[in-house]
Amino acid sequence: MDKPSVGIYGLTGCAGDQLAILNCEDELLDITGAVNLKFFPMAQTSNDEDSPLDIAFVEGAVVQAEDEHMLRKLRDRAKLLIALGTCAVWGGVQAMKNEIPREELKRKVYGPQGERFETVAPQPLSHFVKVDLALSGCPVEKGQLLQAVAALLHGDSPRLPNYAVCTECKMAENPCVLIEAGRLCLGPITVAGCNARCPSCAQPCIGCRGPVEEANVSSEIKVLKERGFTWVDIRNRLRTFAAEADSLKIDSLKEAANA
């Protein structure tokens, strides 16, 4: 049986999810031995840019016109397209909502050279193409990545958690960061998969994995307000990593905040 052909690609982002793959040090040789790795510039110098793919892993958000062009070409070439990391799944930090116009940001960051960049508002992959699997995380979790790869190589659909970080936190018997420490924690509405890493270190969940399915954001806002947090505090935390998620659309949450 032929090995599945795989490509690992990066759009606009920090490349942290590709680095997470390289950090699978003990398992990396097994992974590369089980697939025909066609494209992975971060790890190899010889790359095939045109052949069909069984699986394309894509990290980063669509921020430039060339990102969209590359993404659509990959979708045409790949049987399965995997959104890898929070930027690819939700838009990530670069899609964070703010009041500064994009052209002004470009001038402040790049100066006159910014005129050369043809940018668009950062968006997740699913706004442009069909995504077959979304692996969130900033960066993606090593264990979840390995489980997903193993499942895909066996022809199975990976099983991803459909519960919140709060559940992992309680399973770890952590003191509640929100109730006991009074810190702004998004654990109740953030999808699990990190083993409650931040709360386990007595730090609040900042929502880097994006919202859990059917997140009760209105109730989260109500609880946070009862704990003394302002709408500005809550808004800024909610819009940091997954501002493009429907359940976290800031404008639609104002009523809950003012109730």
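Going by the structure above, here's the rest.
The rules behind these values
- Residue numbering note: each chain is counted from 1, following its sequence as written.
- In keeping with the model being predicted, local features are shown solely for residues with a pLDDT of at least 70 and side-chain atom pairs are shown and tallied solely at 80 or more, while totals for entire chains, interfaces and linings include all residues.
- Hydrogens are left out, water is left out, and the side-chain values use all remaining heavy atoms of the structure.
- Aromatic pairs are defined between Phe, Tyr and Trp rings, using the six-membered ring for Trp, whenever the two ring centres lie within 6.5 Å; interplanar angles under 30 degrees are classed as stacked, those over 60 as edge-to-face, and all others as tilted.
- Secondary structure elements follow DSSP: runs of H or I of four or more residues count as helices, runs of E of two or more count as strands, with numbering from the N terminus.
- Burial classification: accessible surface area is computed with a 1.4 Å probe over protein chains only, and a residue below 20% of its type maximum counts as buried, one above 50% as exposed, and the rest as partly exposed.
- Pairs of N or O atoms are called polar contacts if they sit within 3.5 Å, as long as, within protein, a hydrogen donor faces a hydrogen acceptor (for residues adjacent in sequence, only side-chain-to-side-chain pairs).
- Contacts are residue-level and defined by heavy atoms, with any inter-residue pair within 4.5 Å sufficient.
- One less than the number of residues in a helix, times 1.5 Å, gives the span that helix is expected to have.
- Directions pointing from the helix axis toward each C-beta atom define the arc.
- Definition used for salt bridges: Asp or Glu carboxyl oxygen within 4 Å of a side-chain nitrogen of Lys or Arg.

1. Some words on the packing of aromatic side chains
Part 1: Under the criterion given, the structure shown has 1 aromatic pair.
Part 2: Ring centres 4.4 Å apart and planes at 10° place the aromatic pair Tyr9 and Phe39 in the stacked group. In this pair, Tyr9 sits in strand 1 (residues 5-10) while Phe39 sits in strand 2 (residues 36-39), placing the two residues 30 residues apart along the sequence.
Part 3: Accessibility expressed as a relative area gives 3% for Tyr9, which makes it buried.

2. Remarks on unusual backbone geometry
Part 1: The omega angle of the peptide bond from Cys138 to Pro139 is 0°, so this bond is cis rather than trans.
Part 2: Here Pro139 shows up in the loop between strand 7 (133-135) and helix 6 (142-153).
Part 3: Of note in this structure, Ala15 is not a glycine but carries a positive phi near 70°.
Part 4: Tracing the backbone through its elements, the reader meets Ala15 in the loop between strand 1 and helix 1 (16-22).

3. Overview of the side chain of Ser136
Part 1: You can see Ser136 is positioned in the loop between strand 7 and helix 6.
Part 2: Here Ser136 falls in the buried class, since its relative accessible area comes to 7%.
Part 3: Separated by 3.2 Å, the side chains of Ser136 and Thr86 make a polar contact.
Part 4: Separated by 2.6 Å, the side chain of Ser136 and the backbone oxygen of Arg209 make a polar contact.
Part 5: Those residues within four positions of Ser136 in sequence are excluded, and the remaining contacts are Gly85, Thr86, Val89, Trp90, Glu141, Gln144, Cys208, Arg209 and Gly210.

4. Describing helix 3 (residues 65-77)
Three- or four-residue spacings in an α-helix give side chains the same orientation, since the helix completes a turn every 3.6 residues.
Part 1: Across its 13 residues, helix 3 extends 19 Å between first and last C-alpha, which sits within 8% of the 18 Å expected from 1.5 Å per residue.
Part 2: Residues of helix 3 that are buried include every one of Asp67, Leu71, Leu74, Arg75 and Arg77, and no others. The buried residues of helix 3 occupy an angular sector of 160° when projected down its axis, which confines them to one face. Exposed and facing more than 90 degrees away from the buried side of helix 3 are Glu66, His69 and Asp76.
Part 3: On its buried face, helix 3 sits against strand 1, strand 3 (53-59), strand 4 (62-64) and strand 5 (78-84).

5. Looking at the pattern of salt bridges
Part 1: Evaluation of the coordinates by the stated rule reveals 8 salt bridges.
Part 2: Salt-bridge contacts for Glu68 lead to Arg72; the nearest nitrogen and oxygen are separated by 3.0 Å. Of this pair, Glu68 and Arg72 both sit in helix 3, 4 residues apart, roughly one helical turn.
Part 3: The class for Glu68 is partly exposed, based on a relative accessible area of 27%.
Part 4: Under the relative-accessibility criterion, Arg72 is labelled partly exposed at 37%.
Part 5: Note that Asp132 and Arg75 form a salt bridge whose closest N and O atoms lie 2.9 Å from each other. Residue Asp132 is found in the loop between strand 6 (119-123) and strand 7, and its partner Arg75 is found in helix 3; the two are separated by 57 residues along the sequence.
Part 6: Residue Asp132 is classed as partly exposed on the basis of its relative accessible area, which comes to 27%.
Part 7: Judged by relative accessible area, which is 16%, Arg75 ranks as buried.
Part 8: Salt bridges linked by common partners bring Arg75, Lys130 and Asp132 together as one network.

6. Description of the environment of Gln203
Part 1: Looking at where Gln203 falls in the secondary structure, it is placed in the loop between helix 8 (197-200) and helix 9 (217-226).
Part 2: The exposure class of Gln203 is partly exposed, given its relative accessible area of 37%.
Part 3: With 27 residues separating them in the primary sequence, Gln203 and Cys176 have C-alpha atoms 9.9 Å apart.
Part 4: Excluding residues within four positions of it along the chain, Gln203 makes contact with Val177, Arg183 and Cys198.
Part 5: Looking at Gln203, its side chain comes within polar contact range of the side chain of Arg183, at 3.4 Å.

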